[in-house]
Amino acid sequence: MSTTNDEGNANGKAGGSSHGFATRAIHAGFEPDPQTGAVNVPIYASSTFAQDGVGNMRGGYEYARTGNPTRTALEANLAALENGAHGRAFSSGMAATDCALRSMLRPGDHLVIPDDAYGGTFRLIDKVFSQWGVTYTPAAVNDLDAIRAAVTPTTKLVWIETPTNPLLNVGDIAAISQIAHAADAKLVVDNTFASPYLQQPLALGADVVLHSTTKYIGGHSDVVGGVLVTDDEELDSHFAFLQNGAGGVPSPFDAYLTFRGAKTLAVRMDKHCDNAEAIVEVLQSHPAIASVLYPGLEGHPGHEVAARQMSRFGGMISVRLKGGQRAAHDLCARTKLFTLAESLGGIESLIEHPGAMTHASTAGTLLEVPDDLVRLSVGIEDTADLIDDLKQALR
Ligand SMILES: *Cc1c(COP(=O)(O)O)cnc(C)c1O
């Protein structure tokens, strides 16, 4: 067994930080098993581990909630993808979100959140954390003055997504980290939409990076998971404490699937981006479309910042339909290759209506999304087939 259990930072000599992204994705976290030569990490379906004497553990493992070698391999891999020191894997992106919030906030604390935050993140803060005396202020991630104005003397955390879900607004990570740090607050970046292939927030000043690994990292719509990556030893020790203490851990099988997906992230993301760019071009000139929201467009308000902090602009596109909610529903009903479903980041193309689906919980709040909005998660099918599908659906 060539994984190690020390803080999830066993990048392995073949996957160390001197290597490029695709090499790290394939090699970090596990090297061929010295005993068997297995090139892939085994699914260690073991809830407990034999000890050689009381408290004398063989490989650093005692009980699988606390640590499991398959999970360790995944954690090391995902930390390496973000060029971070420590990774902690969870059973879902929301479990990772919950762990980060509970580790970093106390009753009476305040946080700043995006005014178009992921619906589940908003719901957790608004419905659960508020009961424990945590207050929040929504601010647009693309408005530095609004974020500065939202910070109060009790602000302990600035939480952003960039690009945001579903409006694809762009936040300037370096500038926002300065605002947070000037207020003695930490910055968490939910990097799910960009993936670590396109954007690495720790290098831009973020304290913690969060992913729903359900999306691009897993990449095949076959597993739910989350991860927290940080360089901050103390924060990581809090994450580790709650990961074990509250137990929102992925199973060894889920850890294996997520690791398997992560290995191909680089090639998948390039194809997601290629397809999205081609589709944006078609949609932009289509008479049924009122506007296309994509950070790669020069006219997008966040384009300059995105070009600075992202290597490409991702596989997510949102569009507003000229015919309002009715036209949005029709488009969602008519596509054949774009499957009508929540979630994103998988190899297959998906379409959804955020107002009625992923973001229904924001209805009637400040975070409500427009009802003529449709979100596309562009997959890695043949470009021409995806374009044909959208054209026939917009007829
Ligand atoms: C899906 C998602 C989450 C939540 O992750 P789950 O794996 O579904 O729990 C958080 N943030 C963003 C941006 C997401 O898209």
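## Points about the overall build of the protein chain
Next, step 1: What the protein chain contains, in helices and strands, is 13 helices and 14 strands.
Next, step 2: C-alpha atoms of the protein chain, sized along the principal axes, occupy 70 × 50 × 35 Å.
Next, step 3: When each of the 395 residues of the protein chain is scored for burial, the buried share is 54%.
Next, step 4: Taking contacts inside the protein chain between residues at least 6 apart in sequence as the whole, the part at least 24 apart equals 72%.
Next, step 5: Surface accessibility of the protein chain: about 15,600 Å² in total, with carbon and sulfur atoms responsible for 52%.
Next, step 6: In the protein chain, the 28 positive side-chain charges and the 45 negative ones have mean positions that sit 4 Å from each other.

## Overview of the site of the ligand
Next, step 1: Surrounding the ligand, one finds Ser 92, Gly 93, Met 94, Tyr 118, Asn 165, Asp 190, Thr 192, Ser 212, Thr 214, Lys 215, Gly 225 and Leu 344.
Next, step 2: For the ligand, an oxygen atom lies 2.8 Å from a polar atom in the backbone of Met 94.
Next, step 3: Between Thr 214 and the ligand, the recorded distance is 2.6 Å, taken from a side-chain N or O atom to an oxygen atom.
Next, step 4: For the ligand, the cavity whose grid points lie within 2 Å of the majority of its atoms is the largest pocket.
Next, step 5: In the shell around the ligand, the residues fall into three nonpolar, seven polar and two charged.

## Brief notes about unusual backbone geometry
Next, step 1: Note that the residue after Thr 162, namely Pro 163, is joined by a cis bond; omega there is -10 degrees.
Next, step 2: With respect to the helices and strands, the residue Pro 163 is situated in the loop between β6 (155-161) and α6 (173-182).
Next, step 3: Along the chain, Asn 165 connects to Pro 166 via a cis peptide bond; the corresponding omega equals 10 degrees.
Next, step 4: If you check the backbone angles, Asp 184 has positive phi at about 60 degrees while not being a glycine.
Next, step 5: Summarising the element assignment, Asp 184 is placed in the loop between α6 and β7 (186-190).
Next, step 6: Exposure remark for Asp 184: the relative accessible area of 70% places this residue in the exposed category.

## Some thoughts on the sheet that holds strand β10 (residues 289-293)
Next, step 1: Strands sit in the order β10-β11-β14-β13-β12 across an open sheet of five strands; the sheet is mixed. Across the chains shown, the open sheet's two edge strands, defined by having one partner strand only, are β10 and β12 (339-340).
Next, step 2: Pairing of β10 with strand β11 (residues 316-321), which is carried by four bridges, proceeds in the antiparallel orientation. Bridged to Ile 289 within β11 is Leu 321.

## Remarks on the domain arrangement of the protein chain
Next, step 1: The domain architecture assigned to the protein chain consists of domain 1 (2-262) and domain 2 (265-393).
Next, step 2: Approximately 3,200 Å² of surface area, both sides summed, lies buried where domain 1 meets domain 2, with 65% of it carried by carbon and sulfur atoms.
Next, step 3: With its nearest N and O atoms 3.3 Å apart, the salt bridge here joins Arg 308 to Asp 172.
Next, step 4: On the surface where domain 1 and domain 2 come into contact, there are 16 residue pairs in polar contact (both at pLDDT 80 or more).
Next, step 5: Going through the elements one at a time, α1 (21-27), α4 (119-128), α7 (195-198) and α9 (252-262) are the ones with two or more residues in the side of domain 1 that touches domain 2.
Next, step 6: Here the side of domain 1 that touches domain 2 takes four residues from α7, the largest share from any one element.
Next, step 7: When grouped by side-chain class, the residues that make up the side of domain 1 that touches domain 2 number 23 nonpolar, 13 polar and five charged.

## Things to note about helix α10 (residues 265-284)
Next, step 1: Across its 20 residues, α10 extends 28 Å between first and last C-alpha, which sits within 8% of the 28 Å expected from 1.5 Å per residue.
Next, step 2: By the burial criterion, the buried members of α10 are Leu 265, Ala 266, Arg 268, Met 269, His 272, Cys 273, Asn 275, Ala 276, Ile 279, Val 280 and Leu 283.

## Comments concerning the nonpolar core
Burial of nonpolar side chains together is a common tendency in soluble globular proteins.
Next, step 1: Of all hydrophobic cores here, the largest spans 64 residues; its most connected members are Ile 279, Leu 283, Val 292, Ile 317, Val 374 and Leu 376.
Next, step 2: No other element matches the eight residues that α10 contributes to this core.
Next, step 3: Structurally, this core is a two-domain feature, drawing no fewer than three residues from each of domain 1 (2-262) and domain 2 (265-393).
Next, step 4: Setting aside anything within four residues of it in sequence, one finds Ile 279 in contact with Ile 317, Phe 338, Leu 376, Val 378, Leu 386, Ile 387 and Leu 390.
Next, step 5: With 26 residues, the next largest nonpolar core counts Ala 95, Phe 129, Leu 235 and Phe 239 among its residues.

## Some details on the packing of helix α2 (residues 69-81) against α9
Next, step 1: Their axes nearest at 8 Å, the elements α2 and α9 cross at an angle of 30 degrees. By the angle between their directions, the pair α2 and α9 is classed as roughly parallel. Crossing hand, α2 versus α9: left-handed. Between α2, through Thr 70, Arg 71, Ala 73, Leu 74, Asn 77, Leu 78 and Leu 81, and α9, the contact on the second element is made entirely by Pro 252, Ala 255, Tyr 256, Thr 258, Phe 259 and Ala 262.
Next, step 2: Class assignment for the residues of the contact of α2 with α9 results in nine nonpolar, three polar and one charged.

## Structural notes on the confidence of the model for the protein chain
Next, step 1: Across the protein chain, the average pLDDT comes to 94, with 96% of residues at or above 70.
Next, step 2: Below a pLDDT of 50 lies the segment residues 1-13, which in the model reaches 48 contacts outside its immediate sequence neighbourhood of four places, other chains included.

## Considerations on the layout of surface pockets
Next, step 1: Of the volumes computed, that of the largest pocket is approximately 390 Å³.
Next, step 2: Around the largest pocket, the lining is made up of 26 residues, and of these Met 94, Tyr 118, Asn 165, Ser 212 and Lys 215 lie nearest the centre.
Next, step 3: When residues in the lining of the largest pocket are grouped by element, the largest group, four residues, is from α4.
Next, step 4: Counting residues domain by domain, the lining of the largest pocket receives three or more from each of domain 1 (2-262) and domain 2 (265-393).

Definitions and cut-offs
Residues numbered from 1 in each chain as written. Predicted model: local features only at pLDDT ≥ 70, side-chain atom pairs only at ≥ 80, totals over all residues. Heavy atoms only, no water. Helix = DSSP H or I, 4+ residues; strand = E, 2+ residues; numbered from the N terminus. Buried < 20%, exposed > 50% of the residue type's maximum accessible area, 1.4 Å probe, protein only. Contact = heavy atoms within 4.5 Å. Areas by Shrake-Rupley, 256 points an atom, 1.4 Å probe, with all protein chains shown as cover. Lys, Arg positive; Asp, Glu negative; His and termini not counted. Charge placed at Lys NZ, Arg CZ, Asp CG, Glu CD. Near = heavy atom within 4 Å. Polar contact = N/O pair within 3.5 Å; in protein donor to acceptor, adjacent residues only side chain to side chain. 1 Å grid on protein atoms, 1.4 Å probe; cavity = no way out; pocket = protein on both sides within 12 Å on 5 of 7 lines; lining within 4 Å. Sits in = over half its atoms within 2 Å of the grid points. Nonpolar A, V, L, I, M, F, W, Y, C, P; charged D, E, K, R; others polar. Pairing = 2+ DSSP bridges. Domains from an automatic or database assignment. Buried area = accessible area lost by both parts, 1.4 Å probe. Salt bridge = Lys/Arg side-chain N within 4 Å of Asp/Glu carboxyl O. Expected span 1.5 Å × (residues − 1). Core = buried A, V, L, I, M, F, W, Y, C linked by side-chain atoms within 4.5 Å. Axes fitted to C-alpha atoms, helices over the stretch in contact; angles between N-to-C directions. Parallel < 35°, antiparallel > 145°, perpendicular 65-115°, else oblique. Left-handed = near helix turned anticlockwise from the far one by under 90°. pLDDT = per-residue confidence, 0-100. Points joined across faces, edges and corners; volume = space filled by probe spheres on them.

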